[in-house]
Amino acid sequence: MLGRFPALAGVDLDIDSGEILLLAGPNGAGKTTLLRLCAGLLSLRAGTAEVLGVDLAVDRKRVRRSVALLGHETFCYDDLTVTENLRFAARAAGRSRSDADAALERVGLTRMANVTHGKLSEGQRRRLALANAIARQPRLLLLDEPHAGLDEGGRAVLDEIVRTAPAAGCTVLLASHELQLARQLATREVRIIAGQIHEPERAEVLA
Amino acid sequence: MNYLRDVWLVASKDLRIERRSRVALQQIVPFGGIVVVLFAFALNSDRTLLPPAAPGLFWVAILLAALLAIGRSFNVEESNRARDGLRLSGLDGGSIFLGKAAAVAVELFLLEVVVGVAVVVLYDVTPRSALVLLCAAVAATIGLAATGTVYGVLAGGLRARETLVPLLVLPAVTPVMLGATRAFQAALDGSPGDAWPWVQLLIAFAVLVVAAGTVAFGPLLEEA
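Residues numbered from 1 in each chain as written. Chains lettered and ligands numbered in written order. Predicted model: local features only at pLDDT ≥ 70, side-chain atom pairs only at ≥ 80, totals over all residues. Heavy atoms only, no water.

## With respect to the pairing of strand β7 (residues 188-193) of chain A
Residues and elements named next belong to chain A. Across four bridges, the pairing between strand β1 (residues 20-24) and β7 is parallel. Counterpart to Leu 23 in the pairing with β7 is Val 190. Where β7 folds back on strand β8 (residues 196-198), the antiparallel hairpin that results is connected by two residues, among which Ala 194 adopts a positive phi of roughly 50°. (Pairing = 2+ DSSP bridges. Helix = DSSP H or I, 4+ residues; strand = E, 2+ residues; numbered from the N terminus.)

## What about the environment of Arg 22 of chain B?
Positionally, Arg 22 of chain B belongs in the loop between α1 (2-21) and α2 (23-42). A relative accessible area of 47% means that Arg 22 of chain B is categorised as partly exposed. (Buried < 20%, exposed > 50% of the residue type's maximum accessible area, 1.4 Å probe, protein only.)

## Some details on helix α5 (residues 93-122) of chain B
Structurally, the α-helix is built with 3.6 residues per turn, so residues lying three or four positions apart point the same way. Residue and element names in this part refer to chain B. A rise of 1.5 Å per residue sets the reference length of α5, with its 30 residues, at 44 Å; its end C-alpha atoms lie 42 Å apart and thus fit the reference within 8%. Its side-chain oxygen 2.8 Å from the backbone nitrogen of Gly 94, Asp 92 forms the N-cap of α5. Directly beyond the C-terminal end of α5, a positive phi value near 60° is found at Asp 124. (Expected span 1.5 Å × (residues − 1). Polar contact = N/O pair within 3.5 Å; in protein donor to acceptor, adjacent residues only side chain to side chain.)

## Observations regarding the nonpolar core
In globular proteins that are soluble, nonpolar side chains generally tend to be buried together. Judged by nonpolar contacts, the single largest core of 70 residues is most densely connected at Trp 59, Leu 91, Val 115, Val 119, Tyr 123, Leu 144 and Val 176 of chain B. With 15 residues, helix α3 (residues 50-78) of chain B is the largest single contributor of residues to this core. Sequence-distant contacts of Val 115 of chain B, that is, excluding residues within four places in its chain, are made with Gly 32, Gly 33, Val 36, Phe 58, Ala 61 and Ile 62 of chain B. Membership of the second largest hydrophobic core comes to 37 residues, among which are Val 82, Leu 86, Val 107 and Cys 170 of chain A. (Core = buried A, V, L, I, M, F, W, Y, C linked by side-chain atoms within 4.5 Å. Contact = heavy atoms within 4.5 Å.)

## Focus: the side chain of Arg 72 of chain B
Position of Arg 72 of chain B among the secondary structure elements: in helix α3. Within the local environment of Arg 72 of chain B, its side chain forms a polar contact with the side chain of Ser 21 of chain B, the two groups lying 2.9 Å apart. With residues near it in sequence (within four places) discarded, Arg 72 of chain B still touches Asp 79 of chain A together with Ile 17, Glu 18, Ser 21 and Val 23 of chain B.

## Let's talk about the sheet that holds β8 of chain A
Residues and elements named next belong to chain A. Overall, mixed pairing links the six strands, which are arranged β4-β5-β6-β1-β7-β8 in an open sheet. Looking along the sheet, the strands with just one partner apiece sit at the ends: β4 (67-70) and β8. Each strand axis lies, on average, 20° off the axis of its neighbour in the sheet, ignoring direction. Sheet strands touched by helix α5 (residues 122-135): β4 and β5 (140-144). Its angle to β4, the strand with the most contacts, is close to 175°. Here helix α6 (residues 152-164) sits on the sheet in contact with β1, β5 and β6 (171-175), set at roughly 145° to β5. (Axes fitted to C-alpha atoms, helices over the stretch in contact; angles between N-to-C directions.)

The quantities given are spatial measurements derived from coordinates; they are silent on function.
In structure tokens:
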């Protein structure tokens, strides 16, 4: 709920395993709310939602162990270094240090490994947040405006991670305003308007 | 084993943040020191008053500094929405609670050593019954840290958290302050036998709050 108004109403959406689904829509349409709901950060007031076959109302914790969210914020600690932030997130998710180090290398932040989060540029912070997400080796990757703040190199890294995710058994739900970039990655697109899902015809998407 | 590993993971993260940011060193320890020094100056005209007042003044200084440490422990979770990161991490609420409370407790122990030395020097107090003092300090510190951590998470998501935490914590830790002061008084008076009932009260309080916090922290983290 946003004040007296429901943030999402009448959302009916199935996502197949291995899909890269683009969630498009205007500001305030409910994209972020839907992603946070899928991540298990919000609870349902009405209706049902299953993520990775688990009912969110029954076991949000189990869902959280299998998803990763790249949101507007990095979820990192300003006074920890890149490596420390990454290792903390990976180990908290039951992953190893080597998983964290591999993620760091994948996003191209190795040379910033010993710099604290507070001293990183916006783009570097986004890369670290992306590394945090993939270090968890999620089965569902939730990306909220993932291209925002990234330079060309960062966008290339992001695109490679998203494109290769299905082969690693990971489904991707991607909310973006940068439709040209996002459509190059997505295998399907839906629109969310005023909290409701509208599934456009393929021809309309391409137009 | 995994549970303990998670507790250590959270505690070491918080302690590393404190070590690097130096907030504890530059704000909390000086604050505790200033409180002790100010009381020493205020009561200095009557030197006979300082030693009997020392236990109470020591714990007042620790309590006020503890409020800063608790506030700091949850402020770091609000930046960059790290709190959501903790929720998403998959860590059990109980292990997060124990880790955060342990980190606050370690900071308070260090503070107690510094403030304790200041009290001995400035208040002309002779430490006696070291075992009683140690047991009372450990139990009281755990009780303070655990209580603060429970209320810290409760107020964590609110804008008025910096005002709310002291309002919630101060009444709740009254038994700790009373028990710790009385135990220290008895120990310093050279009658440790009178201190043990107070130490038992402190231990009971600590066990109760730690148990309640371990169960309640997860839901509180979700709802706050």
